[in-house]
Amino acid sequence: MSRIPRIVILGAGYGGILTAIRLQKELNYNEADVTLVNKHDYHYITTHLHMPAAGTDNPENARVNILKLIDEFKVDFVKSTVTQIRPHEKKVILEDGTLSYDYLVIGLGGEPETFGIPGLKEYAMNIRSINSVRFIREHIEYQFAKFKREPERKDYLTFVVGGAGFTGIEFIGELADRVPELCKEFDVDPSLVKIYNIEAAPTALPGFDPELVEYGMKVLQDKGVIFKIGTAIKECTPEGVLIAGDEFIKSATVVWTGGIRGNHMLDDAGFETMRGRIKVDDYLRSPQFDNIYVVGDCSIVMNDEGRPYPPTAQIAMQQGEAVAHNLIASIRGSQMKTFKFSNKGTVASLGKGQAIGIVGSRKLKGNVAALMKKVVDIRYLYIIGGIPLVIRKGRF
């Protein structure tokens, strides 16, 4: 084994990129050999994807070139796809090679959780990547074009969004803003367009402040969104969705935002998982391997009530910083830190100029919350890329 420890980071999502950036700032030259592996040469801002999916922003605004974020003298970047993790051999198999490690950070992101609902995997679209949102945007525009040729097909103008969590709510807010533009462009009567939001839980944005949820739903209903709350999707077909009560909604567009599970490679590698996620120890390590750290959608961190925190960008960022600290502590033989999530607040956008949020003990709604959402976005850009990235990407 090389005397310089080898750290391999899998995935350049929020947790992975923050780990790499923090390591390059804190490590001395030749103190560790750090490699970041990602299947694309860009990091994308997941919390921004609902906008290009609806067509209200350019997908380019949601992505950042990885080589603009890392110092190649301190972090090697490998553009490749991970195919297998072999924890007992301390190896990672890529589609075009093998990497050995002393310390591994798994931040591979999650996969859509379909809860076994028939047809969802095959026929629903997901807001999960730059390519997926490009596809959704083009698909939506294509439905308007097709309707002009087949005006009897009202299902082309019926849009079903499964799940009323943050991604679902933010997406329908943008979609409702986009529809009038598309109607104008394709000369379609706006009254023919239907946007359904279907949620099995008894409320939209489960766990969020009820007063703000009520406000948010009213804003979206005023934009024409039809909510079906406390209503499960029973099946998805090429023609639409069957929902509780045996009602069938004919739709050529079903977008599923109803949940995320961990990456299948964790199960394949023999890790103990819950819905594909690893319940990490106090230092964010796999309980089975003290040289493997897990961040983001692949990890489970419990709150004080013994329930898992939702896998948000905010928690993944804090995990990345904590993992970097603990890796450096391991290498230097200094004190590791236990991970404690600090909730800075949550903001959900409802389309242009509208949002709801909680920051500290304050409830925010309308323009004030929308402004706070922009501040949150700009703060993240500053953390990963400093002032230059804020100037390039920040939308003031």
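Residues numbered from 1 in each chain as written. Predicted model: local features only at pLDDT ≥ 70, side-chain atom pairs only at ≥ 80, totals over all residues. Heavy atoms only, no water.

- As named in an unreviewed UniProt entry, the protein chain is NAD(P)/FAD-dependent oxidoreductase, taken from Paenibacillus hexagrammi.
- In the Sequence similarities (unreviewed entry) part of its UniProt record, the protein chain is described as follows: "Belongs to the NADH dehydrogenase family."
- Quoted verbatim from the Cofactor (unreviewed entry) heading of the UniProt record, the comment on the protein chain is "FAD". (UniProt positions renumbered as here; feature names shortened; annotations may be inferred.)

### With respect to the overall build of the protein chain
Here is step 1: Within the protein chain, the regular secondary structure consists of nine helices and 25 strands.
Here is step 2: Dimensions of the protein chain, computed from C-alpha atoms along their principal axes, come out at roughly 70 × 40 × 40 Å.
Here is step 3: Here the protein chain, with 396 residues, has 52% of them falling under the buried criterion.
Here is step 4: Considering the protein chain, the positive charge centre built from 49 side chains and the negative charge centre built from 48 side chains are found 3 Å apart. (Helix = DSSP H or I, 4+ residues; strand = E, 2+ residues; numbered from the N terminus. Buried < 20%, exposed > 50% of the residue type's maximum accessible area, 1.4 Å probe, protein only. Lys, Arg positive; Asp, Glu negative; His and termini not counted. Charge placed at Lys NZ, Arg CZ, Asp CG, Glu CD.)

### Points about the pairing of strand S21 (residues 289–294)
Here is step 1: The buried fraction of S21 is high, at five of six residues.
Here is step 2: As judged from the three bridges shared by strand S9 (residues 103–106) and S21, these two strands associate in the parallel manner. Looking at S21, one finds that valine 105 is bridged to tyrosine 293.
Here is step 3: Looking at chain direction, strand S20 (residues 285–286) and S21 are connected through two bridges and run antiparallel. Bridge pairing in S21 places arginine 285 opposite tyrosine 293. (Pairing = 2+ DSSP bridges.)

### A closer look at the sheet that holds strand S6 (residues 82–86)
Here is step 1: Strand order in the open sheet made by the three strands is S6-S7-S8, with antiparallel pairing throughout. A single partner strand is all that each edge strand has here, and the edge strands are S6 and strand S8 (97–100). Taking each pair of neighbouring strands and ignoring which way they run, the sheet shows an average axis angle of 20 degrees.
Here is step 2: Pairing geometry for S6 and strand S7 (residues 91–94), over four bridges, is antiparallel. When the sheet's bridge partners are listed, valine 82 is paired in S7 with leucine 94. (Axes fitted to C-alpha atoms, helices over the stretch in contact; angles between N-to-C directions.)

### Notes on the sheet that holds strand S14 (residues 233–237)
Here is step 1: In spatial order, the strands read S14-S15-S16; together these three strands make up an open sheet with antiparallel pairing. Here the strands that pair on one side only, and so sit at the sheet edges, are S14 and strand S16 (247–250). Each adjacent strand pair in this sheet contributes to an overall mean axis angle of 20 degrees, direction not counted.
Here is step 2: Where S14 and strand S15 (residues 240–243) come together, four bridges link them in antiparallel fashion. The residue of S15 that forms the bridge with isoleucine 233 is isoleucine 243.

### Comments concerning the nonpolar core
Here is step 1: Ile17, Leu23, Leu36, Ile85, Leu104, Ile106 and Phe271 are the most contacted members of the largest nonpolar core, which totals 66 residues.
Here is step 2: Here leucine 104 is in contact with Val8, Leu10, Ile85, Val92, Asn291, Ile292 and Tyr293, once residues within four sequence places are set aside.
Here is step 3: Grouped together as the second largest cluster of nonpolar side chains are 44 residues, Ile140, Tyr156, Ile169 and Cys183 included. (Core = buried A, V, L, I, M, F, W, Y, C linked by side-chain atoms within 4.5 Å. Contact = heavy atoms within 4.5 Å.)

### What to know about unusual backbone geometry
Here is step 1: Backbone geometry at arginine 275 places phi at a positive 50 degrees, although glycine is not the residue there.
Here is step 2: With respect to the element layout, arginine 275 can be found in the loop between helix H7 (264–268) and strand S19 (278–279).
Here is step 3: Its identity is not glycine, yet leucine 284 carries a phi of approximately 75 degrees, on the positive side.

### Remarks on the pattern of salt bridges
Here is step 1: For the structure on display, the rule yields 25 salt bridges.
Here is step 2: For arginine 63, the salt bridge goes to glutamate 60, with nearest N and O atoms at 3.2 Å.
Here is step 3: With relative accessibility at 23%, the residue arginine 63 sits in the partly exposed group.
Here is step 4: Residue classification places glutamate 60 among the partly exposed positions, given a relative accessible area of 33%. (Salt bridge = Lys/Arg side-chain N within 4 Å of Asp/Glu carboxyl O.)

### Things to note about the UniProt feature "domain: FAD/NAD(P)-binding" (unreviewed entry) in the protein chain
Here is step 1: UniProt records the feature "domain: FAD/NAD(P)-binding" (unreviewed entry) at residues 6–320, using the numbering of this structure.
Here is step 2: For residues 6–320, the helix share is 28%, the strand share is 28%, and the end-to-end C-alpha distance is 17 Å.

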